[in-house]
Amino acid sequence: MTPARLLSLDALRGLAVVLMMEQHMAVWLWRAEPGVSPIAQAPVLMALNGLGGLAAPTFITLAGAGTTLLARARPTGLDVILVRRGLIVMGFGWLLNLLTPSWFSAGSWFVLHLMGLGMATAPLWRRLSDRALLIGQALLLLAAPLVQHWLQTPELLVNDRMRRLDLTGGPLRLAFAEGQFPIVPWLGLFLGGIVVGRWLQQGRTAPILRMAAVLLVTGVALAAVALRTGPHAGVWDRLFQIRLSFYPATPAIVLLLQSGTLLLLLGALALEKRGQIGERGWLVALGRASLTLLLVHVVVFRELTRPLGAWQAFSAEIALAIVGVWVIVCALAARLWQRVGYRYGAEWLLRIFGG
């Protein structure tokens, strides 16, 4: 049987938080020239920014897998622990809303809210069969274009729209359909992650590879249809369309992103099997501090850069240099912090109060 704690999962969380910080910080620090393609201006920065799109799907999928693996470590009172931990993670999300008024409103719905909801409702999902969970994921993906069409969601959601509370439904509208990572379709990745966790617990990687292949082929097929048929109005376009932004997410882009997450997971598992991922590894340390780093980098580089005159003030090269220095500082701090069990960090609080 596979141990409850896999170093490869910690390392993958570490990679995800590095990608997320780079994606956010590069945009927040870089002074882009208006009217010119960002890719033409800064191809390296934009390529790294594109890889950052894997961060949130990775966090969501691993959160689902973690609910399954937690059952091995906490066999007694698991449902209560899941609900408590989920509510705490959601609480961190709402705290981030309050600490980052330039980005979020009080009712904004970000990746922490989505993961927290998945964990808090996991007692409902974890008793379902693999087939039921995967069907649930598929239904949530297919529901996304229908819900977006019904609500007349813009084909491209900008930040101002994703924080609005004055539209019909208020914060529930954001939570279900028009936030950064709404329940429809992103909770589907959490449900699929529960199944992935079961395969990990059984030490089976072949089903993960098959799932990644199915997701990849289906995502490519949907994208190919969109390229062949061109733009259409209504639900059809929302089903097939591929955009660089996944606000709002279409089934095609979600399928491609989760297939990438699963392939990264398989790579991390292979490295761990070969003994190339250790307890003191840099990515492992970053992964175990990932929740804290997510919260801290948003407040520091989204809010504090403004009064300091550093908001979108640098060339692409300097912005990337700042990102690199920040990642190195975070890695060193996480390695040192590891010695005291990440005491007083968000992960430590989650363990203390969540069980």
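Reading guide: rules and limits
- Residues numbered from 1 in each chain as written.
- Predicted model: local features only at pLDDT ≥ 70, side-chain atom pairs only at ≥ 80, totals over all residues.
- Heavy atoms only, no water.
- Helix = DSSP H or I, 4+ residues; strand = E, 2+ residues; numbered from the N terminus.
- Rg over C-alpha atoms; globule rule 2.2 N^0.38 Å.
- Buried < 20%, exposed > 50% of the residue type's maximum accessible area, 1.4 Å probe, protein only.
- Contact = heavy atoms within 4.5 Å.
- Areas by Shrake-Rupley, 256 points an atom, 1.4 Å probe, with all protein chains shown as cover.
- Lys, Arg positive; Asp, Glu negative; His and termini not counted.
- Charge placed at Lys NZ, Arg CZ, Asp CG, Glu CD.
- Salt bridge = Lys/Arg side-chain N within 4 Å of Asp/Glu carboxyl O.
- Axes fitted to C-alpha atoms, helices over the stretch in contact; angles between N-to-C directions.
- Parallel < 35°, antiparallel > 145°, perpendicular 65-115°, else oblique.
- Left-handed = near helix turned anticlockwise from the far one by under 90°.
- Nonpolar A, V, L, I, M, F, W, Y, C, P; charged D, E, K, R; others polar.
- Core = buried A, V, L, I, M, F, W, Y, C linked by side-chain atoms within 4.5 Å.
- Patch = residues over 30% accessible without salt bridge, like charges linked within 9 Å, V, L, I, M, F, W, Y side chains within 5 Å.
- Expected span 1.5 Å × (residues − 1).
- Phe/Tyr/Trp six-rings, centres within 6.5 Å; stacked < 30°, edge-to-face > 60°.
- Lys NZ or Arg CZ within 6 Å of the ring centre and 35° of its normal.
- UniProt positions renumbered as here; feature names shortened; annotations may be inferred.

Chemist: How should the overall build of the protein chain be read in this particular structure?
Modeler: Helix and strand counts for the protein chain come out as 17 helices and zero strands. Its C-alpha radius of gyration of 20 Å places the protein chain within 12% of the 20 Å reference for a compact globule of 355 residues. The C-alpha extent of the protein chain, read off along each of the three principal axes, is 55 × 45 × 40 Å. Here the protein chain holds 355 residues, and the buried ones make up 52% of them. Within the protein chain, counting contacts between residues at least 6 apart in sequence, those at least 24 apart form 78% of the total. Accessible surface, the protein chain: about 15800 Å² in total, of which carbon and sulfur atoms supply 69%. Averaging the coordinates of the 30 positive side-chain charges in the protein chain and doing the same for the 15 negative ones gives two points 10 Å apart.

Chemist: Please clarify how the pattern of salt bridges should be interpreted in this entry.
Modeler: Close approach of charged atoms allows side chains with opposite charge to pair. One pass over the full model with this rule turns up nine salt bridges. In this structure, Arg-198 and Asp-130 form a salt bridge, with 2.6 Å as the shortest nitrogen-oxygen distance. Pair noted here: Arg-198 is in helix H10 (residues 183-201) and Asp-130 is in helix H8 (residues 130-151), with a separation of 68 residues, a long-range link. Linked through salt bridges whose partners overlap, the residues forming this network are Asp-10, Arg-13, Glu-279 and Arg-288.

Chemist: How should I be thinking about the packing of helix H4 (residues 55-73) against H10 in this particular structure?
Modeler: The relative placement of two packed helices comes down to the angle between their axes together with the axis-to-axis distance. Contact geometry for H4 and H10: axes closest at 7 Å, N-to-C directions at 45 degrees. With respect to H10, the axis of H4 lies oblique. Seen along the crossing, H4 lies across H10 with a hand that is right-handed. Of H10, the residues touching H4 (which contributes Pro-57, Ile-60, Thr-61, Ala-63, Gly-64, Ala-65, Thr-67, Thr-68, Leu-69 and Arg-72) are Trp-186, Leu-189, Phe-190, Gly-193, Ile-194, Gly-197, Arg-198, Leu-200 and Gln-201. Here the contact of H4 with H10 is built from residues that sort into 10 nonpolar, seven polar and two charged.

Chemist: Help me out: how do you make sense of unusual backbone geometry in this one?
Modeler: The phi angle of most residues is negative, glycine excepted, and most peptide bonds adopt the trans form. Geometrically, the link from Val-184 to Pro-185 is a cis peptide bond, its omega value of 15 degrees lying close to zero. Within the secondary structure layout, Pro-185 lies in helix H10. Residues Tyr-247 and Pro-248 are joined by a peptide bond in cis, for which omega reads -5 degrees. Turning to its location among the elements, Pro-248 is positioned in the loop between helix H12 (235-240) and helix H13 (251-273). The phi torsion at Gln-152 lies on the positive side, around 55 degrees, for a residue other than glycine. Secondary-structure assignment places Gln-152 in the loop between H8 and helix H9 (170-178).

Chemist: Honestly, the nonpolar core in this entry has me stumped. Any pointers?
Modeler: The tendency in soluble globular proteins is for nonpolar side chains to be buried as a group. Grouped together as the largest cluster of nonpolar side chains are 95 residues, with contacts concentrated most on Ile-60, Val-111, Leu-112, Phe-181, Trp-186 and Leu-200. Setting aside its immediate chain neighbours within four residues, Val-111 contacts Met-20, Ala-56, Ile-60, Phe-181 and Leu-294.

Chemist: How should a nonpolar patch on the surface be read in this particular structure?
Modeler: A surface patch of nonpolar side chains, about 330 Å² in accessible area, is lined by Leu-209, Leu-216, Val-220 and Leu-263. Turning to its location among the elements, Leu-216 is positioned in helix H11 (residues 206-229).

Chemist: For this particular structure, what's the right way to read H10?
Modeler: A turn of α-helix holds 3.6 residues, and therefore any two residues three or four places apart point the same way. Look at H10: 26 Å from first C-alpha to last across 19 residues, which is about the 27 Å you get at 1.5 Å a residue. Gly-203 sits one or two residues past H10 and shows a positive phi near 70 degrees.

Chemist: Whenever I open this one, the packing of aromatic side chains confuses me. Can you help?
Modeler: Geometry of an aromatic ring pair is reported as the spacing of the ring centres plus the angle between the planes. Per the stated rule, a full pass over the model turns up 14 aromatic pairs. Aromatic side chains Phe-104 and Phe-110 sit 5.2 Å apart centroid to centroid with 50 degrees between the ring planes, which places their arrangement in the tilted category. Measuring from ring centre to ring centre gives 5.3 Å for Phe-246 and Tyr-247, while their planes differ by 75 degrees; the resulting arrangement is edge-to-face. Ring pairing ties together the aromatic residues Trp-28, Trp-103, Phe-104, Phe-110, Phe-181, Trp-186, Phe-246, Tyr-247 and Trp-311, which thus form one cluster. Positioned above the aromatic ring of Trp-311, the side-chain terminus of Arg-306 is 3.8 Å from the ring centre. For the cation-ring pair, Arg-335 lies above Trp-282, with the distance from its terminal atom to the ring centre recorded as 4.3 Å.

Chemist: Quick question: what am I supposed to make of the side chain of Ser-259 here?
Modeler: Within the element layout of this structure, Ser-259 appears in helix H13. Once residues within four sequence positions are removed from consideration, Ser-259 is found in contact with Ala-212, Leu-215 and Leu-216.

Chemist: Just to check I follow, could you spell out the UniProt feature "domain: Heparan-alpha-glucosaminide N-acetyltransferase catalytic" (unreviewed entry) in the protein chain for this structure?
Modeler: The positions UniProt marks with the feature "domain: Heparan-alpha-glucosaminide N-acetyltransferase catalytic" (unreviewed entry) are residues 5-203. Taken end to end, residues 5-203 comprises 71% helix and 0% strand; its first and last C-alpha atoms sit 12 Å apart.

Chemist: I tried to follow H13 on my own but got confused; where do I start?
Modeler: Along its 23 residues, H13 runs 33 Å from first to last C-alpha, staying within 8% of the 33 Å computed at 1.5 Å per residue. Remark: Gly-275 follows H13 within two positions and exhibits a positive phi of approximately 80 degrees.

Chemist: Could you clarify how one ought to interpret the packing of H8 against H13 in this entry?
Modeler: The interhelical angle for the contact between H8 and H13, taken along N-to-C directions, is 145 degrees, at an axis separation of 9 Å. On H13, the residues that touch Gln-137, Leu-141 and Pro-145 of H8 are Pro-251, Val-254, Leu-255 and Gln-258. Among the residues making up the contact of H8 with H13, the classes are represented as five nonpolar, two polar and no charged.

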